[in-house]
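Read off the chains here:
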Amino acid sequence: MFTASQIDASDLTRFYAELDAQLAALLTGERDVVANAANTSALIFQLVADLNWAGFYLLKSSDELVVGPFQGKPACVRIPVGKGVCGATVERRASILVEDVHAFPGHIACDANSQSELVVPLLLGERILGVLDLDSPVKRRFGEADRIGFERLAKTFVEACDW
Ligand code: SME
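Rules used in this analysis
Residues numbered from 1 in each chain as written. Predicted model: local features only at pLDDT ≥ 70, side-chain atom pairs only at ≥ 80, totals over all residues. Heavy atoms only, no water. UniProt positions renumbered as here; feature names shortened; annotations may be inferred. Phe/Tyr/Trp six-rings, centres within 6.5 Å; stacked < 30°, edge-to-face > 60°. Buried < 20%, exposed > 50% of the residue type's maximum accessible area, 1.4 Å probe, protein only. Helix = DSSP H or I, 4+ residues; strand = E, 2+ residues; numbered from the N terminus. Expected span 1.5 Å × (residues − 1). Arc of directions from axis to C-beta. Polar contact = N/O pair within 3.5 Å; in protein donor to acceptor, adjacent residues only side chain to side chain.

Per an unreviewed UniProt entry, the protein chain goes by GAF domain-containing protein and derives from Pseudochelatococcus contaminans. Its UniProt record, at the heading Sequence similarities (unreviewed entry), says of the protein chain: "Belongs to the free Met sulfoxide reductase family."

See below:
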């Protein structure tokens, strides 16, 4: 049985290194995308403070994301590429950090509690597979150290699965 261990978050570089190590251990021996996405979102939601939604939107066609495994309140199911923070992340193929969702034109509100957001692309070489979406009820919850940390977690997740 895998048991997640709480991590001291006073040093974010160490925090994400340890979280990444726990994620790699959790996903070892399993290559199924849905199974690994489910456990990845559960681990993140358990160990990362101040989140109200953590999970995946997967590209099911070239122009549309569909919600995947997540933790949090029920969410919008389909997001066109280019729409909202998630759709914009696919278009840019780069992470988007939104300090205040109310100031992001076109933000899609799935949970009225969300105040800030970080969306990281899932990249496999040149291929984009979807996004990892993190929402917080706290404004300016995410900074550069979080972006770097979550990009590392996204890479570990992508490389652990068969696509
Ligand atoms: N915030 C996203 C929509 C998904 S929910 O937050 C879960 C967006 O604007 O893309």
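### A word on the packing of aromatic side chains
Think of a pair of aromatic rings as described by two things: how far the centres are apart, and how the planes are tilted against each other in angle. Following the criterion strictly, the structure yields 6 aromatic pairs and no others. Taken together, a centroid distance of 5.8 Å and an interplanar angle of 25 degrees make the contact between Trp53 and Tyr57 stacked. Centroid distance Phe157 to Trp163: 5.8 Å. Interplanar angle 85 degrees. Geometry classified as edge-to-face. Take Phe157: its relative accessible area is 0%, and that puts it in the buried class. Of the aromatic side chains, those joined through ring pairs into one cluster are Phe15, Tyr16 and Phe150.

### Section: unusual backbone geometry
In this model, Asp50 sits at a positive phi of 60 degrees, which is unusual for a non-glycine residue. As for its placement among the helices and strands, Asp50 is situated in the loop between α2 (33-47) and β1 (53-61). Even without being glycine, Arg140 reaches a positive phi, approximately 55 degrees. The topology assignment puts Arg140 in the loop between β6 (127-136) and α4 (144-159). Judged by its relative accessible area of 54%, Arg140 is exposed.

### A look at α2
Over its 15 residues, α2 extends 21 Å from the first C-alpha to the last, a length consistent with the 21 Å expected when each residue adds 1.5 Å. Among the residues of α2, those classed as buried are Val33, Asn36, Ala37, Thr40, Ser41, Leu43, Ile44 and Leu47. Across the axial projection of α2, the buried residues extend over an arc of 165 degrees, all falling on one side. Capping the start of α2 is the job of one residue whose side-chain oxygen sits 3.1 Å from the backbone nitrogen of Val34: Asp32.

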